[in-house]
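What follows is the residue order along each chain.
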Amino acid sequence: MSVKIRYFLGLAALACYYQSVVTAADASTSTVTTVPSAYAVPGAFPTSLYSHYYNNPTATSAQPQPVISDPVTHEIFPFSLTDPYNISQYDTTDPHPLPPPASSQQLLQQAVAQIKSIAVNPMFSTCARCQASLEVAKFLALAAPEQGPNLALTLCEYFNYSSSCEKSYGPLVTGPIITQVVSFADVGGYDGQSICSQFLGLCPAPVTTLLNLTGWFAKPKPNPLPPPKQPSGQLLKVLHLSDLHIDPRYANGAEANCTSGLCCRTNAYNSHSPQIPLLPAPRYGSFRCDAPYSLITSVLEAIPPLTGTESTGFDFTMFTGDMLAHDPENQQSRAFNEYSEVVLYDLFKRMLGPGPTYATLGNHDTCLPDLASPNSLGGDLGQQFSWLYDHVTALWEQEGWLPEASVELSRAHYAAYMVKRADGLRVISLDTNLWYRSNYFNYINSSEPDVSGILRFLTDELQDAEDAGDRVWIIGHVVSGWDGGNSLPNPTNLFYQIVDRFSPHVIANIFWGHTHEDQLSIFYANNGTNMSTESAQMVSWTGPSVTPLTNLNSGFRVYEVDSATFEVIDAYTWKSSVDEYPALDSQTQFGPTFAFEYNTREAYGGNITWGATDPLNATWWHLVTEQMEIDPTLVQTFNIYQGKGSILTPPCTGECIPARICYIRSGSASIAKQNCVSGYGSVQ
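Structure report, in brief. Being a predicted model, the structure only gives us computed values, none of them experimental. (Residues numbered from 1 in each chain as written. Predicted model: local features only at pLDDT ≥ 70, side-chain atom pairs only at ≥ 80, totals over all residues. Heavy atoms only, no water.)

1. Digging into the state of the cysteines
Overall, the coordinates contain seven disulfides when judged by the stated rule. The disulfide bridge from Cys127 ends at Cys203, spanning 2.0 Å between sulfur atoms. Between Cys127 and Cys203, the S-S dihedral sits near 100 degrees, and the bridge is therefore right-handed. Of this pair, Cys127 sits in helix 3 (residues 126-143) while Cys203 sits in the loop between helix 7 (190-198) and strand 1 (235-241), and the two are 76 residues apart along the sequence. Owing to a relative accessible area of 8%, Cys203 belongs among the buried residues under this scheme. Disulfide pairing is shown between Cys156 and Cys165; the S-S distance is 2.0 Å. Measuring the twist about the S-S bond at about -75 degrees, one finds the Cys156-Cys165 disulfide to be left-handed. We classify Cys165 as buried; its relative accessible area is 6%. As a non-bridged cysteine, Cys367 has Cys156 as the owner of its nearest cysteine sulfur, 19 Å distant. (Disulfide = S-S within 2.5 Å. Helix = DSSP H or I, 4+ residues; strand = E, 2+ residues; numbered from the N terminus. Buried < 20%, exposed > 50% of the residue type's maximum accessible area, 1.4 Å probe, protein only.)

2. A closer look at the side chain of Ser340
Considering the arrangement of structural elements, one finds Ser340 in helix 9 (residues 334-351). A relative accessible area of 0% places Ser340 in the buried class. Filtering out sequence-adjacent residues up to four positions away, Ser340 remains in contact with Ile246, Met323 and Leu324. (Contact = heavy atoms within 4.5 Å.)

3. Examining the packing of helix 2 (residues 104-119) against helix 3
Across the interface, helix 2 lies against helix 3 with an axial gap of 9 Å and an inter-helix angle of 175 degrees. Between helix 2 and helix 3, the interaxial angle falls into the category roughly antiparallel. Taking contact as the criterion, the partners of Leu107, Leu108, Ala111, Gln114, Ile115, Ile118 and Ala119 in helix 2 are, on helix 3, Arg129, Ala132, Ser133, Val136, Leu140 and Ala143. The residue inventory of the contact of helix 2 with helix 3, partitioned by class, reads ten nonpolar, two polar and one charged. (Axes fitted to C-alpha atoms, helices over the stretch in contact; angles between N-to-C directions. Parallel < 35°, antiparallel > 145°, perpendicular 65-115°, else oblique. Nonpolar A, V, L, I, M, F, W, Y, C, P; charged D, E, K, R; others polar.)

4. Digging into the pattern of salt bridges
A complete count under the given rule lists 19 salt bridges for this structure. With its nearest N and O atoms 3.0 Å apart, the salt bridge here joins Lys219 to Asp467. Residue Lys219 is found in the loop between helix 7 and strand 1, and its partner Asp467 is found in helix 13 (residues 454-468); the two are separated by 248 residues along the sequence. A residue is classified by how much of its surface remains accessible, and Lys219, at 41% relative accessible area, is partly exposed. (Salt bridge = Lys/Arg side-chain N within 4 Å of Asp/Glu carboxyl O.)

5. With respect to the sheet that holds strand 6 (residues 472-475)
Ordered in space as 4-5-6-7-9-8, the six strands form an open sheet in which the pairing is mixed. Because the sheet does not close on itself, it has two edges, and the strands there are strand 4 (417-420) and strand 8 (519-524). Along the sheet, successive strands turn relative to each other by an average axial angle of 20 degrees, direction set aside. As defined by bridge partners, strand 8 adjoins strand 9 (residues 536-542) across six bridges and the pair is classed as antiparallel. By the bridge assignment, Tyr524 is partnered in strand 9 with Ala536. Those strands touched by helix 13 are strand 4, strand 5 (426-429), strand 6 and strand 7 (507-512), and its axis lies near 175 degrees from that of strand 5. Along the sheet, helix 14 (residues 489-501) makes contact with strand 6, strand 7, strand 8 and strand 9, crossing strand 8 at roughly 65 degrees. (Pairing = 2+ DSSP bridges.)

Have a look at this one:
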């Protein structure tokens, strides 16, 4: 309908309306004010309303844009404010204000308050509460890192996590370490779940990450394998020492049966008799104490005559880590660390003969204990333990145990190295703190199996050995498998695949320490999906400790090794009965007695058909586990030797028997956790 037609229709309606009003007025004889029932507004904009416009107000193609002045500010509103074709975005002139920056102390207070609120929020599961709290801690660590240790300490005290929070989590102990870790870790994901599981028990353990080995190995495993080296019939004699834990602060006569912590210290006491020791510490050691000087020198003095090496020494010695005592964090220092290194390596050199010692770092060989940071952190954080690697490497070089090429490897790879001996054996030492569960740094990118690069180093060294036709021994501290309680699943899963790839033609043996117990693990092909004599490929020997801690006897082992194949032909273990030490205090004529405990071949191989000079390899050990399934008393024998014949070793019965067999067949933490019942791994 056109505008003109609408105009005339409006006039007609208006006329009709006026007529009806007049008629009604005549009928009532009263005066009536007439109003229209409708009104048609003129089409043109009333331009007289405003004195100025930004556009032509009479135009029909756009709305009028009058110029408006604010009577308060006396400012004219700009056309850009109402321009329909260029609508302004975001008020940059008058934005809403932000709160003022919080001080470092305010950030700490808010972090504590938020974590307390999260902890009681009924909408969260315990796992969600833990990870949400870690998120708060992460942002505090990023925004105010100097407050990270204070947060750790405050939360420890608030949640009553420890009776010695200041000594364990304060600014001079692990507080800065925890701050580093939460600042780098994916605390809302895999890392956070792992932390909450391992350290707080508030989350289920995350599943082992699926490995992608594409491109990991430079070459496929040879098929067929190269022909094995033929035995020479000549035997090397190799000493295995582990976990000495020298305690220079050991106090004769102090409480040896203390209520908590490391006993045989002047500050240790039994709560039932705080002033008078119930069990005075013997000068050679006790079951709940680390090794005093007297025990360390005694074992080193006893080894040569017991092993027939007084005039020759050993072909070489392996030390699988842990020099320092189990001091609490607040009693640790770099100087104390270096002191223990100097003392023990010097004693090895002077008391064990001319053969070299190949050592590896244990979790108690760093300050603070258990720690090793990956180089991938970058800068000073990635190099914060370089002082340790430089110092031990310099000592190994000074003692004449490592050639220059190995020294350079050690300094660059967390004190890990490869040394090629004149007899052709390559010894590769690994820093297994980089897969240890108690190393906080291992929870940064923990879904990745080799954050540190240590397994890349191992793989490359094994490939070089394969190319050269050499055999390899691997030494480390923290076991890769057994009951799965010491190592992380992802790196040890990768390690298991590396062992599979290079066994049995390259790797001849693997040696660990750490548990203080006499243990062993078997590695199988195809990730242990079929455990049999045909698939058994490699074994790892866990050496007995010198320290009696906890409830163990003191011990050491010697291997007889074929000089061409570098297979273990037999193993001999000695022990010293710690329960006899108190009787030695009243005299100086005799010190501790170290006695032969057992011969491996004789102890376990009585019902196995095996050549007298055939190696005690993975196949033989799998046959031993089959005999254990047939005759559980063999597990009882293993159990006794596991504690080095200690009078405090509990028996292994019932569910413990198949569990121990399962642990022996577990070379990685993930296999142990998947296959075995937990709770029977230790005799301590």
